[in-house]
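# Architecture and fold: a report
Given next are the chains, with one letter for each unit.
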Amino acid sequence: MSELERPAVAIDVVEDRSTNDAGFLRVRRLLLRNRYADTTSRDYPYDCVERAAIDAVGIVLYARSPDRVCVRSAIRPPLSLRPSYALPIAATSADPTLFEIPAGLVEPDEHGEEGLRACAARETKEEVGLELSADAFFRLGPGIFLSPGLSAEKLYVLAAEADPESAGTPSLDGSPVEEGAIVKWLVLDDALDACRSGAIEDAKTEVAIRRLAEHLAADEGRATDPGASEAVEAE
């Protein structure tokens, strides 16, 4: 039995109180009930957020010698709208900009691993100005839920080695939140330090950078110990 075996729970929608909303995000207002093996919970209200494209890719572009990783600035309006009266620790700034890995929504017609790689290639061109083949991308670990108490969005982290010098002008998506974005290639150790210090505050970006560091370290280990590589292949 796994130490992380999950308790058996099913959720029933007792009532859907949502209203029709044509916005980018849809708030579902529900009355739910948990169903366990031999009992049920009381009914409880719960709001969650949905959109047509429910999942996303986070893109880890990296270069070698020295190891570097690509991040870009993104305007996140909710950061400047955080209610100061409700913060457990007073905010030092209302700066709405974060440095993040490039990312984008997986379109409804992009299916399976091929669809994820196609999405990563498209978003790389749009956000960084690099043209990479979809085949250049590979997965860094399993998908992760970003804010499961609010949304069922799942992020898949894909990586590709790239040449920063070959980047052109990002095409962007025309949204004001992408205007004036700055693309930077950080030395990997500096990026890890930025995660530790809080200079990088975006959770998906920290996860992605740490996964990249782990991947590159494993590659270095295989390069210096061919026997380890052969053992992995034999498994």
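Within any chain, residue numbers begin from 1 and follow the written order of that chain's sequence. Under the rules for a predicted model, residues below a pLDDT of 70 receive no local features and side-chain atom pairs below 80 are neither given nor counted, while totals for whole chains, interfaces and linings still include all residues. Excluded from the side-chain calculation are hydrogens and water; included are all heavy atoms of the structure.

## A few points about the nonpolar core
In this text, buried Ala, Val, Leu, Ile, Met, Phe, Trp, Tyr and Cys residues form a nonpolar core when linked through side-chain atoms within 4.5 Å. Three exposure classes are used, based on accessible area relative to the maximum for each residue type with a 1.4 Å probe and protein chains only: buried under 20%, partly exposed in between, and exposed over 50%. In this structure, V60, V69, L140, V157, L188, I209 and L212 are the most contacted members of the largest nonpolar core, which totals 21 residues. Residues are treated as being in contact if the distance between any of their heavy atoms lies within 4.5 Å. Ignoring anything within four residues of it in the chain, the contact list for I209 reads V69, L188, A191, L192, C195 and I200. Formed by 16 residues, the second largest nonpolar core is a distinct cluster that contains V106, L116, C119 and L158.

## A look at the packing of aromatic side chains
Only Phe, Tyr and Trp rings take part, Trp by its six-membered ring, and two of them pair if their centres are within 6.5 Å. Stacked means planes under 30 degrees apart, edge-to-face means over 60, and tilted covers everything else. Applying the stated criterion across every chain yields a total of 1 aromatic pair. With a centroid separation of 6.4 Å and 80 degrees between ring planes, the pair formed by Y44 and Y46 is classed as edge-to-face.

## As for the environment of R29
Every helix listed is a DSSP run of H or I at least four residues long, and every strand listed is a run of E at least two residues long, numbered separately from the N terminus. Within the element layout of this structure, R29 appears in strand β2 (residues 26-35). Residue R29 is classed as partly exposed on the basis of its relative accessible area, which comes to 46%.

## Some remarks on the pairing of strand β6 (residues 97-100)
Because side chains alternate across β6, one face comprises the buried residues L98 and E100, and the other comprises T97 and F99, none of which is buried. DSSP bridges decide pairing: two strands pair if at least two such bridges lie between them. Alignment of strand β5 (residues 68-75) against β6, held across 4 bridges, turns out to be antiparallel. When the sheet's bridge partners are listed, R72 is paired in β6 with E100.

## A closer look at the confidence of the model for the chain
Confidence per residue, as judged by the predictor, is encoded in pLDDT with a range of 0 to 100. For the chain, the average pLDDT comes to 89, and 93% of its residues sit at 70 or higher. In this model, residues 231-235 is a region of pLDDT below 50 whose contacts with residues beyond four sequence positions or in other chains number 0 contacts.

## Side note on the side chain of E126
Topologically, E126 is positioned in helix α1 (residues 112-128). No salt bridge is formed by the buried E126; the nearest opposite charge belongs to R122, separated by 5.3 Å. Not counting the four nearest positions on each side in its chain, E126 is found in contact with P170, S171, L172, D173 and E178. This count recognises Lys and Arg as positive and Asp and Glu as negative, with His and chain-terminal groups excluded. We define a salt bridge as a contact between a side-chain nitrogen of Lys or Arg and a carboxyl oxygen of Asp or Glu at a distance within 4 Å.

## What about α1?
In this model α1 runs 24 Å from its N-terminal to its C-terminal C-alpha over 17 residues, within 8% of the 24 Å that 1.5 Å per residue would give. Among the residues of α1, those classed as buried are G115, L116, C119, A120, A121, E123, T124, E126, E127 and V128. Contacts from the buried residues of α1 go to β4 (56-63), β5, β7 (103-105), β8 (138-139), β10 (154-161) and β11 (183-187). A positive backbone phi angle near 85 degrees is found at G129, which sits one or two residues after α1. Each residue after the first adds 1.5 Å to the expected span of a helix.

## Some thoughts on the pattern of salt bridges
Tallied over the entire structure, the rule returns 19 salt bridges. A salt bridge links E50 to R26, with the nearest nitrogen and oxygen atoms 3.8 Å apart. Taken as a pair, E50 in strand β3 (residues 44-50) and R26 in strand β2 lie far apart in primary sequence, 24 residues in all. According to the relative accessible area criterion, E50 is partly exposed, its value standing at 28%. Judged by its relative accessible area of 30%, R26 is partly exposed. Where R196 meets D193, a salt bridge forms, and the shortest distance between an N and an O atom there is 2.5 Å. A residue pair is termed a helical-turn pair when its members lie 3 or 4 positions apart in one helix, as R196 and D193 do in helix α2 (residues 188-197) at 3 residues. Accessibility expressed as a relative area gives 53% for R196, which makes it exposed. Look at D193 and you get partly exposed, because its relative accessible area is 41%. Counted as one network, the salt bridges with shared partners bring together D16, R26, R28 and E50.

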